[in-house]
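Below, each chain spelled out in residue letters.
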Amino acid sequence: MLRKDRILLLCLCFLFLQLPAQNAEPSSTDNSAKMEWFANAKLGIFIHWGIYAVNGIPESWSFFNETISHEDYLKQADAFTAKNYRPQDWAALIRESGAQYAVITSKHHDGFALWDSKDKVFNAKRHSPAGRDLLTPFVEALREEDLKVGLYYSLPDWSFEDYTDFTRIQKRYAIEEEPKRWKAFQKYMNAQLVELKKAFDPDLWWFDGDWEHTAEEWDVAGIRELLFKDRPDVILNSRLNGQGDYETPEIGVPVYKPQADFWELCVTMNDSWGYQQNDRNYKSSQQIIDLFVDCLHKGGNLLLDIGPKADGSIPEAQQEILKDLGRWTSKHKEAIYGSKSGIPFEHFMGPTTLSPDNRTLYVFVRDVPKDGKIFLKGINNKIHRAYVVGRGTLLTQKTFYKVYWNKYPGVTYIDIPESEIDEEYTVIGLVLDGEISLFKEETGAVESN
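Residues numbered from 1 in each chain as written. Predicted model: local features only at pLDDT ≥ 70, side-chain atom pairs only at ≥ 80, totals over all residues. Heavy atoms only, no water.

1. Notes on the overall build of the protein chain
Then comes step 1: Summing up its helical and strand segments, the protein chain has 13 helices and 15 strands in all.
Then comes step 2: Dimensions along the principal axes, computed over C-alpha positions, put the protein chain at roughly 85 × 85 × 40 Å.
Then comes step 3: Buried residues in the protein chain amount to 52% of all 449 residues.
Then comes step 4: Of the contacts formed within the protein chain by residues at least 6 apart in sequence, a portion of 71% connects residues at least 24 apart.
Then comes step 5: Total accessible area computed for the protein chain in this model is approximately 22,000 Å², and 50% of it derives from carbon and sulfur atoms.
Then comes step 6: In the protein chain, which carries 52 positive and 68 negative side-chain charges, the distance between the mean positions of the two groups comes to 4 Å. (Helix = DSSP H or I, 4+ residues; strand = E, 2+ residues; numbered from the N terminus. Buried < 20%, exposed > 50% of the residue type's maximum accessible area, 1.4 Å probe, protein only. Contact = heavy atoms within 4.5 Å. Areas by Shrake-Rupley, 256 points an atom, 1.4 Å probe, with all protein chains shown as cover. Lys, Arg positive; Asp, Glu negative; His and termini not counted. Charge placed at Lys NZ, Arg CZ, Asp CG, Glu CD.)

In structure tokens:
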């Protein structure tokens, strides 16, 4: 009987292993198929728009840090008019910049919603002179421009009476002491997520504020199940206590290439996310493109922020940067969209990208070479053709330090006439004789020649 019992147990275990998994979530280790559009997009536009634009103060943080009272902060809603809001113009400008997607703040930490939230909480339609749902026309305009739609959503709501935190100093309650209040907040939050999903069906969710609670307290598993239901290809950022599809470094471009398969740097044009009339510390178009090229070289995306005014107009300085960016991206699109991270600086002293098939190397030249030449070293491939991206001009090349008795492929110099220099970055395409191959061996003394 003992032997029969063991055989029966083994059979049951085998049958159990053959059963299909139920309610399986999308794999976190193999999500390359759904991430394809995101990886190829390279550039997105972030939009912080809310009542904080009225006085030009830090979004939500100004009352959280108690530099203004909560009451006075909320009064800004009385002057949030959106009278010059033209969502089609926004979307057209985003398209002109070369961005492939946009992420807009549906609700920041202050709880002010841009759509007509059916739970009648603080929102643009019911509690501001704007008097209408501001999110729907923008989402529609993005889709008309064939741009992917991303919704920023703050997990915390510092204005909601049943949320735990209120200001940096004041806290309403602890979850373990008043679990019913926390359940009431979760019900409210989940209802908003359902509304947003049903109304807009975004391609990407950009969460924020997860640091205030654990994954268990937020019920991240439940949020993921809700968002993936009927939409397994939707993309989530990592600010769900790390349980997302891609990493989101902020402000400072990583010095070294991130280990994550997919990542996106979010950064401001000046020093503010939302509109602040006194913040004129804008980066130049050149500096923005410097940042973007660095992201391209490291295989990531740039999510560049704009902060519209309370009337819905985009500041001229921000428009100019987007248009300058668009001029450059339009000219060099073959080296940008769908590209892969480039080669180490040991082979070229500057940023690079690779074509999807690894057979074309793109080198980015920021300045005018003092002798009209750039050089690459340790490239095993033969360079069939060198040309100026966006113009097609063929360039001459010559290789030195390559001899028959040594495997070292030498150093190749490429001439770039000053007439071909781009005002921000000149991009040179190098068509190789096969997939790129880099020389990585040590070179030693001559043994026989």
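Following the structure, the description resumes.
2. Observations regarding helix α8 (residues 135-144)
Then comes step 1: Among all positions of α8, only L135, F138, V139, A141 and L142 are buried. Considered in projection along α8, the buried side chains sweep an arc of 160 degrees and stay on one side of the axis.
Then comes step 2: After α8 finishes, the residue D146 shows a positive phi value of roughly 60 degrees. (Arc of directions from axis to C-beta.)

3. As for the packing of helix α9 (residues 179-200) against helix α11 (residues 220-228)
Then comes step 1: One way to put it is that α9 packs onto α11 with a least axis distance of 10 Å and a crossing angle of 20 degrees. In terms of their interaxial angle, α9 and α11 are classed as roughly parallel. When the axes of α9 and α11 are compared, the crossing they make is right-handed. Taking contact as the criterion, the partners of M189, N190, L193, V194 and K197 in α9 are, on α11, I223, L226 and L227. (Axes fitted to C-alpha atoms, helices over the stretch in contact; angles between N-to-C directions. Parallel < 35°, antiparallel > 145°, perpendicular 65-115°, else oblique. Left-handed = near helix turned anticlockwise from the far one by under 90°.)

4. Concerning the sheet that holds strand β15 (residues 426-432)
Then comes step 1: Taken together, the five strands give an open sheet; going across it, the order is β8-β9-β10-β15-β12, and neighbouring strands pair in antiparallel fashion. The sheet is open, and its two borders are formed by β8 (340-341) and β12 (383-388), each paired with just one other strand.
Then comes step 2: Each of β8, β9 (352-354) and β10 (360-365) is contacted by helix α12 (residues 285-297), which is oriented at about 45 degrees to β9, the strand it contacts most. (Pairing = 2+ DSSP bridges.)

5. Focus on the confidence of the model for the protein chain
Then comes step 1: Predicted confidence across the protein chain gives a mean pLDDT of 92, with 91% of residues reaching 70 or more.
Then comes step 2: Contacts from residues 1-28, a stretch scored under 50 in pLDDT, to residues over four places away or in other chains number six contacts. (pLDDT = per-residue confidence, 0-100.)

6. A short note on the sheet that holds strand β14 (residues 411-415)
Then comes step 1: An order of β11-β14-β13 is seen for the three strands of this open sheet, with the pairing classed as antiparallel. At either margin of the open sheet sits one strand with a lone partner, and together these are β11 (373-377) and β13 (397-400). Neighbour-to-neighbour, the strand axes of this sheet turn through a mean angle of 25 degrees, independent of strand direction.
Then comes step 2: Across five bridges, β11 lies against β14 in antiparallel orientation. Each residue of the ladder has a partner; that of I374, found in β14, is I414.

7. A closer look at the packing of aromatic side chains
Then comes step 1: Summed over all chains, the structure comprises 40 aromatic pairs.
Then comes step 2: Plain terms: the ring middles of Y408 and F439 are 5.6 Å apart, the flat faces sit at 70 degrees to each other, and that makes the pair edge-to-face. Of this pair, Y408 sits in the loop between β13 and β14 while F439 sits in the segment after β15, and the two are 31 residues apart along the sequence.
Then comes step 3: On the basis of relative accessible area, F439 is assigned to the buried category, the value being 11%.
Then comes step 4: Ring pairing ties together the aromatic residues W49, F80, Y85, W90, F112, F122 and F138, which thus form one cluster. (Phe/Tyr/Trp six-rings, centres within 6.5 Å; stacked < 30°, edge-to-face > 60°.)

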